[in-house]
Structures are given as structure tokens and as C-alpha cells.
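The lines below spell out each chain.
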Amino acid sequence: MESTGKYWIPVWNVLENTCNCVLAHPKYAKAIKGKKTDKRDAKWIADIFKHDLIVGSFIPPLVLTVPGIKDFSAVAIIGEIGVDMSVFETSRHLCSWAGLTPQNDQSAGKKKTTRISRAGQYIKPLLVQCALCAIRCKDNPEIANRYNAIKKRRGHKKAIIAVARMLLTAIYNILKKSEPYNVELYCKSDLPPVQRVVTVEQAVFILQRQGYLVTASP
């Protein structure tokens, strides 16, 4: 099939599950200059494909389902992290590699800094741009809700980094499980536990660690 722009995308989405589809750049499928008709073009493409002379382009499908991520962004992200998620033990390791997790710098029970590291100098700005697009997406309000909830407490910069980390976590699970982005699974995982029971000793310990409770020595 010869197509212009993005008209090939819906056809690809319909056929990719049942057919062995190959998307090729027109530069590598051009016929010899001369009399050009649609029938001759179709015959030429079928002939060179039969002789294995067409090089297919890489299409990252399960990644394009993530909010805020389009064709170019998906290819760039795949180019940075690959498709084999077995190299990362968990999604947190991937986020740490990409420089999207806060530093764990504590001393005497107090956090000195929560700044993110300088790692991921290529993928981190890309994910931030995807996060900015995702919070404006009306089809996925869960992204904007998370951004607004964090922005009220921590500000815009930390909120957008949290959304970028959320998108990368979704990409990790998509590539590892070969499943598309699922809003329902995210909503279920984001719910607080039904029962949250804390003993008196645990409550006192938590308040003491946070500096809200000071006990007088006997």
C-alpha cells in the first residue's frame, strides 16, 4: 500500500494482528522513472517485496498507547531504552537510570535534598515534553489529576517530573508484559488501602521521626 502522511496508521492497526505487515520508506521502494501508474507501482512494490528487497521501518505499537507519546517520541524512547526490559530489575531501576527519581540523601533522620540526578540527559527532556502533552490530554484525566494534586503541594517542576516518571513506569510495564496502556489498572493501583491500621507505638514513632512529637525524658 502506498500512502501519504499518516493515512497508513488505521490500516496498520487493523492488519498488524493478523498479517505480517511491513512499513517501508518510499525512498527504498521507488520504481524506475518512466510511465507511472498506480497499477505499475503496486506491481513493482509486490515484485521487490517478493525478492526481499524492502527494508521495513521500526514501529513501536504498545508504546504509542501511552498518553502524550506520538510516533517520533516513541521511536526516540525505544532508541534510548530498547525493548528488552529484563536488563532493569524493576521500573524503579529504569526511572533511576533515566534520572527521574529523587536522591536519597538523609542524615540523622532528616532529608537533605530531593533533587533528581543529572542522568538521562537525552531521555529525560523528551519524557518531560511528553508529560506536558499528557496533562493536556482530555482523554486521560488521570494524568492531569495526578499533576494537579502534586502541583498544589510541591509546585510545577516536581509535579511534571512525577508525571514523566509515571509515563516511564507505564512504558516499562507495557514493554515487559506486551500489553497496551490500561487506565483501569492505573486507577486501581493508585487507590489507598481499604484498611490502614496503625498502632499507638507506630504512630508515636512516625511522629517522632518527622519531628512533630517530642517526648520529655524522665
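Per chain, residue numbering runs from 1 following the sequence as it is written. In keeping with the model being predicted, local features are shown solely for residues with a pLDDT of at least 70 and side-chain atom pairs are shown and tallied solely at 80 or more, while totals for entire chains, interfaces and linings include all residues. Values reported for side chains reflect all heavy atoms of the structure, with hydrogen atoms and water molecules removed beforehand.

Re the packing of helix 6 (residues 141-154) against helix 7 (residues 156-177)
Stage number 1. For the pair helix 6 and helix 7, the least separation of the axes is 7 Å and the interaxial angle reads 145°. Note on packing geometry: the crossing formed by helix 6 with helix 7 is right-handed. Mapping the contact onto sequence places Glu142, Ile143, Arg146, Tyr147, Ile150, Lys151 and Arg154 in helix 6 and His156, Lys158, Ala159, Ile160, Ala162, Val163, Met166 and Leu167 in helix 7.
Stage number 2. Three classes are used: nonpolar for Ala, Val, Leu, Ile, Met, Phe, Trp, Tyr, Cys and Pro, charged for Asp, Glu, Lys and Arg, and polar for all others, with Gly counted as polar. Each residue belonging to the contact of helix 6 with helix 7 can be placed in one class, and the counts come to 9 nonpolar, 1 polar and 5 charged. The angle between two axes is taken between their N-to-C directions and runs from 0 to 180 degrees, where each axis is a line fitted to C-alpha atoms and a helix contributes only its stretch in contact. Runs of H or I in DSSP of at least four residues are treated as helices and runs of E of at least two as strands, each being numbered from the N terminus. We call a crossing left-handed when the near helix sits turned anticlockwise from the far one by less than a right angle, and right-handed when that turn is clockwise. Contacts: residue pairs with any heavy atoms within 4.5 Å of one another.

Observations concerning the nonpolar core
Stage number 1. Side-chain atoms within 4.5 Å are what join buried Ala, Val, Leu, Ile, Met, Phe, Trp, Tyr and Cys residues into a set we call a nonpolar core. Whether a residue is buried, partly exposed or exposed follows from its accessible area with a 1.4 Å probe, protein chains only, as a fraction of its type maximum: under 20%, in between, or over 50%, in that order. With 40 residues, the main nonpolar core has Ile69, Ile77, Ile81, Leu127, Ile143, Ile160 and Ile171 as its most contacted residues.
Stage number 2. Of all the elements in the fold, those that place two or more residues in this core are helix 3 (71-81), helix 4 (91-97), helix 5 (123-134), helix 6 and helix 7.
Stage number 3. Counting residues per element, this core draws most heavily on helix 7, at 14 residues.
Stage number 4. Residues in contact with isoleucine 171, not counting those within four places in the same chain, are Val63, Val66, Ile69, Ile77, Ile81 and Leu127.

Here we look at helix 6
Stage number 1. When the terminal C-alpha atoms of helix 6 are compared, their 20 Å separation across 14 residues agrees well with the 20 Å that a helix rising 1.5 Å per residue should span.
Stage number 2. Residues of helix 6 that are buried: Glu142, Ile143, Ala144, Tyr147 and Ile150.
Stage number 3. Following helix 6 by one or two positions, glycine 155 has its phi on the positive side, about 100°. Here a helix's expected span is defined as the number of its residues, less one, multiplied by 1.5 Å.

Observations concerning the pattern of salt bridges
Stage number 1. For this analysis, a salt bridge means a side-chain nitrogen from Lys or Arg found within 4 Å of a carboxyl oxygen belonging to Asp or Glu. Summed over the entire model, instances satisfying the criterion amount to 1 salt bridge.
Stage number 2. In this structure, aspartate 47 and lysine 50 form a salt bridge, with 4.0 Å as the shortest nitrogen-oxygen distance. One end of the pair, aspartate 47, and the other, lysine 50, are both in helix 2 (residues 38-50), 3 residues apart, so they sit about a helical turn from each other.

Description of the side chain of glutamate 142
Stage number 1. If you trace the backbone, glutamate 142 turns up in helix 6.
Stage number 2. Arginine 146 provides the closest opposite charge to the buried, salt-bridge-free glutamate 142, at an N-O distance of 10 Å. Positive charge is attributed to Lys and Arg, negative charge to Asp and Glu, and no charge count is given to His or to the chain ends.

Details of the packing of helix 5 against helix 7
Stage number 1. Running from N to C, helix 5 and helix 7 point in directions that differ by 100°, and their axes come no closer than 8 Å. Here helix 7 runs roughly perpendicular to helix 5, going by the angle between their axes. Facing helix 5, whose interface residues are Leu127, Val128, Cys130, Ala131, Leu132 and Ala134, helix 7 presents His156, Ile160, Ile161, Val163, Ala164, Leu167, Leu168 and Ile171.
Stage number 2. Across the contact of helix 5 with helix 7, the residue classes break down as 13 nonpolar, 1 polar and no charged. For classification, angles of less than 35 degrees are called roughly parallel, those exceeding 145 degrees roughly antiparallel, those between 65 and 115 degrees roughly perpendicular, and all remaining angles oblique.

With respect to the confidence of the model for the chain
Stage number 1. Overall, the prediction assigns the chain a mean pLDDT of 76, with 76% of residues at 70 or greater.
Stage number 2. Least confident of the elements in the chain is strand 1 (residues 105-107), whose mean pLDDT is 63; most confident is helix 5, at 88. Values of pLDDT, which run from 0 to 100, indicate the predictor's confidence residue by residue.

What about the environment of isoleucine 77?
Stage number 1. Tracing the chain through its elements places isoleucine 77 in helix 3.
Stage number 2. Residue classification places isoleucine 77 among the buried positions, given a relative accessible area of 0%.
Stage number 3. Sequence separation between isoleucine 77 and isoleucine 123 is 46 residues; the distance between their C-alpha atoms is 6.6 Å.

With respect to the side chain of serine 73
Stage number 1. One can find serine 73 in helix 3.
Stage number 2. The buried category is assigned to serine 73, whose relative accessible area is 14%.
Stage number 3. Excluding its chain neighbours within four sequence positions, the residues that come into contact with serine 73 are Leu126 and Cys130.

Regarding helix 3
Stage number 1. Taken together, the buried positions of helix 3 are occupied by Ser73, Ala74, Ile77, Ile78 and Ile81. Taken end-on, helix 3 shows its buried residues confined to a sector of 130°, consistent with a single buried face. The exposed set on the far side of helix 3, more than 90 degrees from its buried face, consists of Phe72 and Gly79.
Stage number 2. Taken from the residues just after helix 3, glycine 82 is the one with a positive phi, measuring 80°. The reported arc concerns the directions from the helix axis to the C-beta atoms and nothing else.

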